[in-house]
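Overview (structure and organization)
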Amino acid sequence: MAINWFNKKKHKTEEKTPSDQKIDDASEVSETEDVDDTQASGNNDDREHQELENEAPRPPHTNDQKTDQNVSKKSSGFFKRLKSGLSKTRKILSTDINELFSGNRKIDDELLEELEELLITSDIGVQTTMDLVQSISTKSSEITGPDQLKNILREKILERLNIAMKPSQEITDKPHVIMVIGVNGVGKTTTIGKLAARFSASGKKVIIAAADTFRAAAIEQLMIWADRAGVDIIKHKEMSDPAAVAYDGIQAAVARDADIVLVDTAGRLHTRKNLMEELKKIKRTISKKLPGAPHEILLILDATTGQNALSQAELFNDALDVTGIALTKLDGTAKGGIVVSICNALEIPLNYIGVGEKIDDLQEFDPIEFVNALF
């Protein structure tokens, strides 16, 4: 049925969608040589840098205990922002599904095909959609209206989200090295800053290694985030060897008895070296300096790129064995179905989701909370 839907849509789209363009960009990550940054990328750097400077400075980390009431308020605030960010997908999974049953329709092949179209347009993806619809078709005799259908969808989506979850483990390695990867523009710098603030707030001593030495303003932006989070940063000059920065970051962490090292990396190179090979070199260098490291390889994905985020995950995972994902920009412009698609298609835990620019807008992924925000 999904094939039929695509055949219907095939002649309706002549221009490349933003998602298609992102897929091309993702392919360039592993194949293209001698690529220069575009003017748009430069504008994004300037805008992000300006936003960082305009934000009010964060006070240094304190060890004051927060009350349960304050924690509850923070959690509630994040859920509201998450729910707002998923508004597009929630409309598809509620209002649009309700409309499927207008006129007292019953579950049949035609209705299931229309449901497939709704799920695919929410960025859940073809294979995941077909799996969900297959599960629903086996229970079609139990479904008499939209509420029953949504309950089954909720149950099946939660099952798929839980499959990708792994029990959180206490950090025992010291220093614990997290290598952060992803293409330019997905929010690596912002995510590193937020993670540094989270770890610092929990009492960890953090060092950031600014190993993206190729992108203009990357080091300067990380310096702003490090200052806000109250953590140390190890940096070299622009165009320096990224692996050397990572090496010095590990060395500094050992010397200063740091708990966490966050290693930033490039998302696009200005040389003829292949990006994946450069990232592999950084990984090898870290491992030589500190056996067993990096302990985590965290891939940052942009939710607004839709199914292209899945393509990027596959590319990076094949090259580097990704251990976790942080999905950014679930702030209203994205369709939240991509979360379901990623968890269903990849055996990689979704560790964090981000719904905005503030430090508190990056939180650990909670499948139940996410599904509640979807419906």
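Preceding block: the structure.
Just so we're clear, the structure is a prediction, and the values are computed from it rather than from any experiment.

**A look at the overall build of the protein**
On a plain count of helices and strands, the protein comes out with 15 helices and 8 strands. Here the protein holds 375 residues, and the buried ones make up 49% of them. In the protein, 78% of the contacts between residues at least 6 apart in sequence involve partners at least 24 apart. Carbon and sulfur atoms form 46% of the exposed surface of the protein, whose accessible area is close to 18,000 Å².

**Quick look at the sheet that holds strand β8 (residues 362–364)**
Within a beta sheet, neighbouring strands are joined by backbone hydrogen bonds and run either parallel or antiparallel to one another. Spatial ordering of the open sheet is given by β3-β2-β4-β1-β5-β6-β7-β8, a layout of 8 strands whose pairing is mixed. Every other strand in the sheet has two partners, leaving β3 (232–234) and β8 as the edge strands with one partner each. For this sheet, the mean angle separating the axes of adjacent strands, direction not counted, is 25 degrees. In this sheet, β8 lies alongside strand β7 (residues 350–354) in antiparallel orientation, the contact comprising 3 bridges.

**Regarding the pairing of strand β1 (residues 176–181)**
Of all 6 residues that make up β1, 6 are buried, and the element is covered over most of its length. Of the two faces of β1, both are covered, the one formed by H176, I178 and V180 as well as the one formed by V177, M179 and I181. Strand direction decides the pairing type here: β1 and strand β4 (residues 260–264), joined by 4 bridges, are parallel. Bridge pairing in β4 links V177 to V261. By the bridge criterion, 4 bridges tie β1 to strand β5 (residues 296–302) in an arrangement that is parallel. The residue of β5 that forms the bridge with I178 is E296.

**Some points on the packing of helix α8 (residues 146–163) against helix α15 (residues 367–374)**
Packing of α8 against α15 brings their axes to within 10 Å, and their N-to-C directions diverge by 150 degrees. Relative to α15, α8 is oriented so that their crossing is right-handed. Contacts between α8 and α15 involve R154, I157, L158, L161 and N162 from the first element and P367, I368, F370, V371, N372 and L374 from the second. Taken together, the residues of the contact of α8 with α15 sort by class into 8 nonpolar, 2 polar and 1 charged.

**A word on the environment of I207**
Within the secondary structure, I207 is located in strand β2 (residues 206–210). In sequence terms I207 and I233 are 26 residues apart; their C-alpha atoms lie 5.5 Å from each other. Residues in contact with I207, not counting those within four places in the same chain, are D232, I234, G249, A252, A253, R256, A258, I260, V261 and L262.

**Remarks on the packing of aromatic side chains**
When we look at a pair of aromatic rings, we describe it by the centre distance and by the angle of the planes. Overall, the coordinates contain 1 aromatic pair when judged by the stated rule. Stacked on the ring of W225, the Lys or Arg R228 has its end atom at 4.1 Å from the ring centre.

**Brief notes about the environment of V126**
Residue position: V126 is located in helix α7 (residues 126–137). A C-alpha to C-alpha distance of 9.6 Å links V126 and Q307, two positions 181 residues apart in sequence.

**Observations concerning α15**
Within α15, 6 of the 8 residues are buried, which leaves the element mostly enclosed by the surrounding structure. Those residues of α15 lying buried are P367, E369, F370, V371, A373 and L374. Sitting at the amino-terminal end of α15 is D366, which places a side-chain oxygen 3.1 Å from the backbone nitrogen of I368.

**Some words on helix α9 (residues 188–201)**
Residues that lie three or four places apart on an α-helix share one face, since the helix turns once every 3.6 residues. In a regular helix each residue adds 1.5 Å, so 14 residues correspond to 20 Å; α9 covers 20 Å between its end C-alpha atoms and thus fits that length. Taken across its 14 residues, α9 has 12 buried, putting it largely inside the fold. For α9, the complete set of buried residues consists of K188, T189, T190, T191, I192, G193, K194, L195, A196, A197, F199 and S200. Phi turns positive one or two residues past the end of α9, at G203, with a value near 95 degrees.

Here is what the cut-offs are and how they apply
Residues numbered from 1 in each chain as written. Predicted model: local features only at pLDDT ≥ 70, side-chain atom pairs only at ≥ 80, totals over all residues. Heavy atoms only, no water. Helix = DSSP H or I, 4+ residues; strand = E, 2+ residues; numbered from the N terminus. Buried < 20%, exposed > 50% of the residue type's maximum accessible area, 1.4 Å probe, protein only. Contact = heavy atoms within 4.5 Å. Areas by Shrake-Rupley, 256 points an atom, 1.4 Å probe, with all protein chains shown as cover. Pairing = 2+ DSSP bridges. Axes fitted to C-alpha atoms, helices over the stretch in contact; angles between N-to-C directions. Left-handed = near helix turned anticlockwise from the far one by under 90°. Nonpolar A, V, L, I, M, F, W, Y, C, P; charged D, E, K, R; others polar. Phe/Tyr/Trp six-rings, centres within 6.5 Å; stacked < 30°, edge-to-face > 60°. Lys NZ or Arg CZ within 6 Å of the ring centre and 35° of its normal. Polar contact = N/O pair within 3.5 Å; in protein donor to acceptor, adjacent residues only side chain to side chain. Expected span 1.5 Å × (residues − 1).

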